[in-house]
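Structural features, examined
Here is how the chains run, residue by residue.
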Amino acid sequence: MRLLEKSRHKFIGDKSFYKMVLAIAVPIMIQNGISNFVSLLDNIMIGQIGTEQMSGVAIVNQLLFVYNLCLFGGVSGAGIFTAQYFGQKNQEGVRQTVRFKIWMVSLITLFTVILLLAVGDPLILLYLQGEGTAESVASTLRYGREYLHIMLPGLIPFMLVQVYSSTLRECGKTILPMKAGVIAVLVNLILNYILIYGKFGAPALGVRGAAIATVISRFVECAIVLIHTHRRAQEHPFVLGLYATLKVPASLMIKIITKGMPLLLNETLWAAGTAMLTQCYSVRGLNVIAALNISNTINNVFNIVFIALGESVAIIVGQLLGAGKMDEARDTDNKMIAFSVFSCVLIAIVMLLLAQFFPLLYNTNDEAKKLATYFIMLTAVFMPQNAFLHASYFTLRSGGKTIITFLFDSVFIWCVSVVIAFTLSRFTALPAVAVYAFVQMGDWIKCVIGFVLVKKGIWLQNIVS
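On a predicted model such as this, the values are computed, not experimentally measured, just so you know.

1. What about the overall build of the chain?
Counting secondary structure elements, the chain contains 16 helices and 0 strands. On C-alpha atoms alone, the chain measures out to a radius of gyration of 22 Å, which is about the 23 Å that the 2.2 N^0.38 rule sets for 465 residues. Projected onto its principal axes, the C-alpha positions of the chain cover 60 × 55 × 35 Å. Each of the 465 residues in the chain was classed as buried or not, and the buried ones make up 57%. Summing over all exposed atoms, the chain offers an accessible surface of approximately 19,600 Å²; the carbon and sulfur share of this is 69%. If you average the places of the 35 positive and of the 22 negative side-chain charges in the chain, the two averages end up 8 Å apart.

2. What to know about the packing of helix H14 (residues 383–398) against helix H15 (residues 402–427)
Running from amino to carboxyl end, H14 crosses H15 at an angle of 160°, the nearest separation of the two axes being 9 Å. When the axes of H14 and H15 are compared, the pair comes out roughly antiparallel. Along this stretch, H14 crosses H15, giving a crossing that reads as left-handed. The segment H14 lies against H15, with Leu389, Ser392, Tyr393, Leu396 and Arg397 engaging Ile404, Thr405, Phe408 and Asp409.

3. Some details on the side chain of Asp409
Structurally, Asp409 is set in helix H15. A distance of 3.1 Å separates polar atoms of two side chains, one belonging to Asp409 and the other to Lys446. Apart from the residues lying within four places of it in its own chain, the contact partners of Asp409 are Asn266, Trp270, Tyr393 and Lys446.

4. Observations concerning the pattern of salt bridges
Enumeration over the complete set of coordinates arrives at 8 salt bridges. Across the salt bridge formed by Asp331 and Lys335, the nearest N and O atoms sit 2.6 Å from each other. With Asp331 and Lys335 both in helix H12 (residues 326–354) and 4 residues apart, this pair spans about one turn of that helix. Classification of Asp331 as partly exposed rests on a relative accessible area of 34%. For Lys335, a relative accessible area of 6% corresponds to the buried category. Residues Lys446 and Asp409 are paired through a salt bridge, measuring 3.1 Å at the closest nitrogen-oxygen approach. Placement of the pair is Lys446 in helix H16 (residues 432–456) and Asp409 in helix H15, with a sequence separation of 37 residues. On the accessibility criterion, Asp409 (10% relative accessible area) is buried. Three or more residues joined by partner-sharing salt bridges are found here, namely Glu92, Arg95 and Arg99.

5. Concerning the nonpolar core
In terms of nonpolar packing, the biggest core is built from 140 residues, with Tyr281, Phe358, Phe375 and Met383 touching the most fellow members. Sorting elements by how many residues they give to this core places helix H3 (residues 51–87) first, with 16 residues. The next biggest cluster of nonpolar side chains, apart from the first, holds 5 residues, and it includes Leu191, Ile194, Leu195 and Ala202.

6. Points about H15
Here H15 spans 35 Å end to end across 26 residues, near enough to the 38 Å set by a 1.5 Å rise per residue. The axis of H15 is deflected most strongly, by about 45°, at Phe412.

7. With respect to helix H5 (residues 134–151)
Between its terminal C-alpha atoms H5 stretches 26 Å, which fits the 26 Å expected from 18 residues at 1.5 Å a residue. Among the residues of H5, those classed as buried are Ser136, Val137, Ser139, Thr140, Leu141, Tyr143, Gly144, Tyr147, Leu148 and Met151. Packing partners of the buried residues in H5 comprise H3, helix H4 (91–125), helix H6 (155–170), helix H8 (207–231) and helix H10 (286–302).

8. Quick notes on unusual backbone geometry
The residue Phe200 is not glycine, and still its phi comes out positive at about 55°. By the element assignment, Phe200 lies in the loop between helix H7 (175–197) and H8. With a relative accessible area of 74%, Phe200 lands in the exposed category.

9. Side note on the packing of H15 against H16
Here H15 crosses H16 at 155°, and the two axes come no closer than 9 Å. In this view, H15 runs roughly antiparallel relative to H16, as classed from their interaxial angle. Between H15 and H16 lies a crossing whose hand is right-handed. Contact residues: Ile404, Phe408, Asp409, Phe412, Val416, Ser417, Ile420, Ala421, Leu424 and Ser425 in H15; Val435, Phe438, Val439, Gly442, Asp443, Ile445, Lys446, Ile449, Gly450 and Leu453 in H16.

10. Digging into the state of the cysteines
As used in these notes, a disulfide is a covalent bond between sulfur atoms, one from each of two cysteines. Overall, the coordinates contain 0 disulfides when judged by the stated rule. Of all cysteine sulfurs, the one in Cys415 lies closest to Cys70, which takes part in no disulfide; the gap is 18 Å. Unpaired in terms of disulfides, Cys171 finds its nearest cysteine sulfur in Cys222, a separation of 18 Å.

11. A few points about a nonpolar patch on the surface
A contiguous nonpolar patch, built from Phe342, Val345, Leu346, Ile349, Val350, Leu353 and Leu354 and spanning about 630 Å² of accessible area, is present on the exposed surface. With respect to the secondary-structure elements, Val345 resides in helix H12. Classification of Val345 as partly exposed rests on a relative accessible area of 36%.

12. Let's talk about the confidence of the model for the chain
Within the chain, residue pLDDT values average 85, and 95% of them lie at 70 or more. Across the chain, the secondary-structure element scoring lowest on mean pLDDT is helix H1 (residues 2–11), at 52, and the one scoring highest is H8, at 93. Low pLDDT (under 50) marks residues 1–7, which in the prediction has 0 contacts with non-local residues, meaning those over four places away or in another chain.

13. Here's the deal with the environment of Ala387
Looking at the secondary structure, you find Ala387 in helix H14. Not counting chain neighbours up to four residues away, the residues in contact with Ala387 comprise Phe306, Ser340, Val341 and Cys344.

14. Details of the side chain of Gln62
Take Gln62: it is sitting in helix H3. Leaving out residues up to four positions away in the same chain, Gln62 has contacts with Tyr127, Thr274, Ala275 and Thr278.

15. A closer look at the packing of aromatic side chains
Here the structure, examined in full by the defined rule, presents 11 aromatic pairs. Every member of this aromatic cluster is reached through a ring pair, and the members are Phe17, Tyr18 and Phe339. In this structure, Arg218 packs its charged tip against the face of Phe158, placed 4.5 Å from the ring centre. The ring of Phe408 has Lys446 lying over it, and the distance from NZ or CZ to the ring centre is 5.3 Å.

Calculation criteria
Residues numbered from 1 in each chain as written. Predicted model: local features only at pLDDT ≥ 70, side-chain atom pairs only at ≥ 80, totals over all residues. Heavy atoms only, no water. Helix = DSSP H or I, 4+ residues; strand = E, 2+ residues; numbered from the N terminus. Rg over C-alpha atoms; globule rule 2.2 N^0.38 Å. Buried < 20%, exposed > 50% of the residue type's maximum accessible area, 1.4 Å probe, protein only. Areas by Shrake-Rupley, 256 points an atom, 1.4 Å probe, with all protein chains shown as cover. Lys, Arg positive; Asp, Glu negative; His and termini not counted. Charge placed at Lys NZ, Arg CZ, Asp CG, Glu CD. Axes fitted to C-alpha atoms, helices over the stretch in contact; angles between N-to-C directions. Parallel < 35°, antiparallel > 145°, perpendicular 65-115°, else oblique. Left-handed = near helix turned anticlockwise from the far one by under 90°. Contact = heavy atoms within 4.5 Å. Polar contact = N/O pair within 3.5 Å; in protein donor to acceptor, adjacent residues only side chain to side chain. Salt bridge = Lys/Arg side-chain N within 4 Å of Asp/Glu carboxyl O. Core = buried A, V, L, I, M, F, W, Y, C linked by side-chain atoms within 4.5 Å. Expected span 1.5 Å × (residues − 1). Bend = angle between axes of the 7 residues up to and from the residue. Disulfide = S-S within 2.5 Å. Patch = residues over 30% accessible without salt bridge, like charges linked within 9 Å, V, L, I, M, F, W, Y side chains within 5 Å. pLDDT = per-residue confidence, 0-100. Phe/Tyr/Trp six-rings, centres within 6.5 Å; stacked < 30°, edge-to-face > 60°. Lys NZ or Arg CZ within 6 Å of the ring centre and 35° of its normal.

Below, the structure is given as structure tokens:
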């Protein structure tokens, strides 16, 4: 009985604990939730036009997803130091990490724009190798190309928002990014309706309209975040003198690069790995691309719970480590991981109930709808597993164990997940749904590794003292 009580206290917090966690996590959930919900509506709007338009946009968004995660990796390395500097109340340290982020995202964005302008078409064609007529392949490529070229200018405001929003969150200020995100997605939604279908006298632009709406909404979000942050400098002291210089001390730059480069490589390789997984599934035909697009759209809405709780682990535990509170950091981390997994069990049940109904919203063929239902159900089944892995990743990252997270995340996806998908898709006749399930089961190995690493406490270290 005493052992049970001890275990309960180890994994279940009191009321004040959950209030603290939710104060950080809920604004992130709201921002990501509304953003993903509007993306869902955006996706449904495009899906109402036709399968080829939907597939072209989905392929480009898969490529831009790689860029998004490169940015995330680029700011995350400095973000480890930001959270710990903030825990020390060292505003100059925070300021220097922001300058590093600005340089990093600028270089990543410049490289991405050059790459996509140079080889955008061949990258899109990688996903059009499966079954399908020459006409459908050509149409999908054309729609994808149109969407991509309009989306590129939107990368500039997007990168600036990542710098400021990530810093605000690492300093415990999650409300402003949430408000800006909410306004931006509402702008996106309204403009989508007007420009995709040609309402209120506007021309019906289809996928081009969707891209234009997204770009405008990103400029709106960027303006809100930057103007509000600088106007209220007393609340956000890191902006005071931020642009007096863009120089970053060499010693700090070396530290951030040492800790952060594995994160950047990790996010880049992980995103490329997920893109490769999609390419492996796509060899089963264009219906698989459409089905995965439908599935991923609703999955993203439900995944906000464990994503927000994972980010909260990095913020809360990172601040405790920076303050030198190691025992409290371990105890907090145990409870946050347990809370994330339990929450996602409930979310998974809701997903299973909706799985057969959501694909009916799309104007696509019955085969694509059937495949989408199976993909949604499988994602629901494996959601608690993914919640544990996500929280474990951010636990290791909060203590600066970036080499280990690199091995844990991107090396694993390429050496295990991609190998499974490539082998089964090329050398067996298994349907795409079965290949997808085997890839998810491969993560059982990762769960064991994550459990051992977190329990050992190798992440319990202060890296800014």
